[in-house]
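A closer look at the structure
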Amino acid sequence: MLKLWRQAPGWDAAGGASVRTWLYRVTANLCIDRLRKTRPDAMPEDLDVADDGPGAEARLQAKARQMALEEALMQLPDRQRQAVVLRHIEGLGNTEIAQIMDIGPRAVESLTARGKRALTALLSGQRTGLGYTDDTVEESSF
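Note that the coordinates shown come from a computational prediction; the quantities given were computed from them, not determined experimentally.

Across its full length, the chain carries six helices and zero strands. If you list the helices and strands of the chain from N to C, you get α-α-α-α-α-α. For the chain, buried positions account for 20% of its 142 residues.

Here it is as structure tokens:
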């Protein structure tokens, strides 16, 4: 209020502005001045946090790998696809898969082994394009 009182002689009644408009303008200017004074000149050092997440290229590559795997899975026979998905994507054990598919555990082993071999054959031509540079395959990719 003291600041407004000191600024009062600067109000020009003949200029057409109402007292209300002038009060808002003076108040807004005071707020802006106060914000400018409290703003730090530089960013604090403790705010410099590195992003540990994957970069854009890694996310795109992961998406391409996921799409290639989904396309290859769709080319498998239904029972092989079901066994591979339950085992390697859902993480279920052979006994649980056998109960779900109503087959024996040895049949599950056979279906998953054949499914993995088929996936390897389907995806082998895409290794370089999917970013695999050596002969090892990550377990999480199946």
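Before going further, it helps to spend a moment on the pattern of salt bridges. Pairing between side chains of opposite charge can happen when their charged atoms approach one another. Tallying each qualifying case throughout the model produces one salt bridge. Residue Arg81 pairs with Asp78 through a salt bridge whose shortest N-O separation is 2.5 Å. Linking Arg81 with Asp78, this pair stays in helix H4 (residues 78-89), spanning three residues, or about one helical turn.

Within the secondary structure, Thr112 is located in helix H6 (residues 105-123). Looking at Thr112, the relative accessible area reads 8%, which means it is buried. Residues in contact with Thr112, not counting those within four places in the same chain, are Ala83, Val84 and Arg87.

Take the nonpolar core next. Among the nonpolar cores identified, the biggest contains 10 residues, and these are Ala68, Leu69, Ala72, Leu73, Leu76, Val84, Leu119, Leu123, Leu130 and Tyr132. Put simply, the parts of the chain that give this core at least two residues each are helix H3 (56-74) and H6. For this core, the element with the most residues is H3, which contributes four residues. Residues Ile97, Ala98, Ile103 and Leu111 belong to the second largest nonpolar core, which totals eight residues.

As a further point, take helix H5 (residues 94-101). If you check which residues of H5 are buried, you get Ile97, Ala98 and Met101. Down the axis of H5, the sector holding all buried residues measures 105 degrees, keeping them to one side. Every exposed residue of H5 that faces more than 90 degrees away from the buried side is listed here: Thr95 and Gln99. Looking at the packing, one finds that the buried side of H5 touches H4 and H6. Phi turns positive, to about 60 degrees, at Asp102, one or two residues after H5.

Here we take up unusual backbone geometry. In this structure, Asp102 is a non-glycine residue whose phi angle is positive, near 60 degrees. Among the secondary structure elements, Asp102 is positioned in the loop between H5 and H6. Of the residues examined, Asp102 reaches a relative accessible area of 68% and is grouped as exposed.

Here the focus is the environment of Leu119. Mapped onto the elements of the fold, Leu119 is located in helix H6. Owing to a relative accessible area of 0%, Leu119 belongs among the buried residues under this scheme. Placed 44 residues apart in sequence, Leu119 and Gln75 show a C-alpha to C-alpha distance of 8.8 Å.

Further remarks concern a positive patch on the surface. A cluster of like positive charges, contributed by Lys3, Arg6, Arg34 and Lys37, occupies part of the molecular surface. Residue assignment for the positive patch shows that the elements contributing at least two residues are helix H1 (2-7) and helix H2 (19-38).

Here the focus is the environment of Gln126. Structurally, Gln126 is set in the segment after H6. Distance in space between the C-alpha atoms of Gln126 and Ala68 is 8.4 Å, their sequence separation being 58 residues.

Procedures and definitions
Residues numbered from 1 in each chain as written. Predicted model: local features only at pLDDT ≥ 70, side-chain atom pairs only at ≥ 80, totals over all residues. Heavy atoms only, no water. Helix = DSSP H or I, 4+ residues; strand = E, 2+ residues; numbered from the N terminus. Buried < 20%, exposed > 50% of the residue type's maximum accessible area, 1.4 Å probe, protein only. Salt bridge = Lys/Arg side-chain N within 4 Å of Asp/Glu carboxyl O. Contact = heavy atoms within 4.5 Å. Core = buried A, V, L, I, M, F, W, Y, C linked by side-chain atoms within 4.5 Å. Arc of directions from axis to C-beta. Patch = residues over 30% accessible without salt bridge, like charges linked within 9 Å, V, L, I, M, F, W, Y side chains within 5 Å. Areas by Shrake-Rupley, 256 points an atom, 1.4 Å probe, with all protein chains shown as cover. Lys, Arg positive; Asp, Glu negative; His and termini not counted. Charge placed at Lys NZ, Arg CZ, Asp CG, Glu CD.

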